Amino acid sequence: MTDSAQRAASDIDLMTEVAMLYYLDNITQEAIAKRFDLSRVKVSRLLKRARDEGVVEVRVLQHPALNTELEQALVERFQLDRALIAVDHGDPDTQRSAVASLVANYLNKTLSDGMIVAVGMGRNVGAVAENVFLPVTRNCTFVCAIGGSLKAGEYMNPDHICRRLALRFGAESETLYAPALVANPELRSVLINNDTVRSTLDRARRADIALIGIGDMSENSNMVRMGWFSPQEIAQARVSGTVGDMMGYDFIDIHGQPAVNTLQGRVIGLTVQELVRIPDVVAIASENTKAAATLGALRSGVINTLATTVSNAYTILALDDATRR
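Residues numbered from 1 in each chain as written. Predicted model: local features only at pLDDT ≥ 70, side-chain atom pairs only at ≥ 80, totals over all residues. Heavy atoms only, no water.

J.: Report on the overall build of the protein chain, specifying residues and quantitative values.
T.: The secondary structure content of the protein chain amounts to 15 helices and 9 strands. Taken along the three principal axes of its C-alpha coordinates, the protein chain extends 70 × 45 × 35 Å. Out of the 325 residues in the protein chain, the part that is buried amounts to 48%. Put simply, of all contacts in the protein chain between residues at least 6 apart along the chain, 73% involve residues at least 24 apart. Total accessible area computed for the protein chain in this model is approximately 15700 Å², and 50% of it derives from carbon and sulfur atoms. Taken as two groups, the 33 positive and 38 negative side-chain charges of the protein chain have centres that lie 1 Å from each other. (Helix = DSSP H or I, 4+ residues; strand = E, 2+ residues; numbered from the N terminus. Buried < 20%, exposed > 50% of the residue type's maximum accessible area, 1.4 Å probe, protein only. Contact = heavy atoms within 4.5 Å. Areas by Shrake-Rupley, 256 points an atom, 1.4 Å probe, with all protein chains shown as cover. Lys, Arg positive; Asp, Glu negative; His and termini not counted. Charge placed at Lys NZ, Arg CZ, Asp CG, Glu CD.)

J.: Let's hear about unusual backbone geometry: which residues, and what values?
T.: Phi is positive for Asp-37, which is not a glycine, with a value near 55°. Tracing the chain through its elements places Asp-37 in the loop between helix 2 (29-36) and helix 3 (40-52). For Asp-37, a relative accessible area of 71% puts it in the exposed group. Positive phi is not limited to glycine here, since Gln-79 has a value of about 50°. Summarising the element assignment, Gln-79 is placed in the loop between helix 4 (68-78) and strand 1 (82-86).

J.: Describe the pattern of salt bridges, and please don't skip the residues or the numbers.
T.: As enumerated under the stated definition, the model contains 17 salt bridges in all. For the salt bridge of Arg-164 with Glu-130, the shortest nitrogen-to-oxygen distance reads 2.5 Å. Of this pair, Arg-164 sits in helix 8 (residues 158-169) while Glu-130 sits in helix 6 (residues 123-130); the two residues are 34 residues apart in sequence, bridging distant segments of the chain. Taking relative accessible area as the criterion, Glu-130 reaches 30% and is therefore assigned partly exposed. Asp-320 is the salt-bridge partner of Arg-299, the closest N and O atoms lying 2.8 Å from each other. You can see Arg-299 sitting in helix 14 (residues 291-299) and its partner Asp-320 sitting in helix 15 (residues 310-323), a full 21 residues away along the chain. Each of the salt bridges in this network shares a partner with another, and the network as a whole consists of Arg-77, Arg-299, Asp-320, Asp-321 and Arg-324. (Salt bridge = Lys/Arg side-chain N within 4 Å of Asp/Glu carboxyl O.)

J.: Outline the packing of helix 5 (residues 92-110) against helix 6, listing residues and values.
T.: Look at helix 5 against helix 6: their axes get within 8 Å of each other, and the N-to-C directions meet at 60°. Judged on the interaxial angle alone, helix 6 and helix 5 are oblique. Viewed along their axes, helix 5 and helix 6 form a crossing whose handedness is right-handed. Contact residues: helix 5 offers Arg-96, Ala-100, Val-103, Ala-104 and Leu-107, while helix 6 offers Arg-123, Asn-124, Ala-127 and Val-128. By residue class, the composition of the contact of helix 5 with helix 6 is 6 nonpolar, 1 polar and 2 charged. (Axes fitted to C-alpha atoms, helices over the stretch in contact; angles between N-to-C directions. Parallel < 35°, antiparallel > 145°, perpendicular 65-115°, else oblique. Left-handed = near helix turned anticlockwise from the far one by under 90°. Nonpolar A, V, L, I, M, F, W, Y, C, P; charged D, E, K, R; others polar.)

J.: Give me the lowdown on the packing of aromatic side chains, citing residues and values where you can.
T.: Scanning all chains against the criterion turns up 2 aromatic pairs. Between Tyr-22 and Tyr-23 the ring centres are 5.0 Å apart and the planes differ by 85°, which places this aromatic pair in the edge-to-face class. Tyr-22 sits in the partly exposed class, given a relative accessible area of 28%. By relative accessible area, Tyr-23 is classed as partly exposed at 29%. (Phe/Tyr/Trp six-rings, centres within 6.5 Å; stacked < 30°, edge-to-face > 60°.)

Below you can see the structure in the form of structure tokens.
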């Protein structure tokens, strides 16, 4: 190694050590300066460089006391174990990250060795892996709860989400080696009974936690992007009373009852009946178009933990009052 390369490596080591002392051990900049015989200005510059180069990620989570009454109202109304409510943002990506950060923080507090987490597909579930901050290493397993889709892309596919979550937590991941959607129920029956597919789904059925998305019936939904539905079919489904889906394919009406559609019997993944046996099903919905779909999901009785936004929460409660039978 050349002298310049050695100096660069030494600078990186110093920057990392200074950042760890300041952010993890709560050592003051003045004390760090004395320890390394540096000026306060030098320490400040090293900390800024650590942030700029991605060594340090700074996240601001909302205080748990915020939205307590709103969370409690959801918990009592829908017999939930908990609700995680994020403040509203105008930018959809920022909004998704805010909700995902609450779920990531919840996982960080909840996961323990030996746990199994069943993972669905979609942007909201995918965002959780990107928002895990200072994770605690756990000897657990993230397992795909639905097959993959080429058109979904890496970010939304459960396999890639499992791998990213496992990397964050120092855990393991297990892939479901099957497509999410097949041509007909007969092919699904063959694949579902394949030893490899059955083994992975059996592990997903034994999960302690499930992470699932809630989809709405819009022309921009995952179903349309993946080519499972055309915009016209989505429109027809809305007219027939379908308000959304859970985990990508269990379609429901606003009362939480199953809605019949052309995907029936063609998707390889956990069913609603299997999800309901999992102790903690965490449903994630960040978009402000998903209030009706989320209400249907809550009324299905499958959901234990809801992660959404302030505006969605208020709309859900109002819709529940307006549509209660």
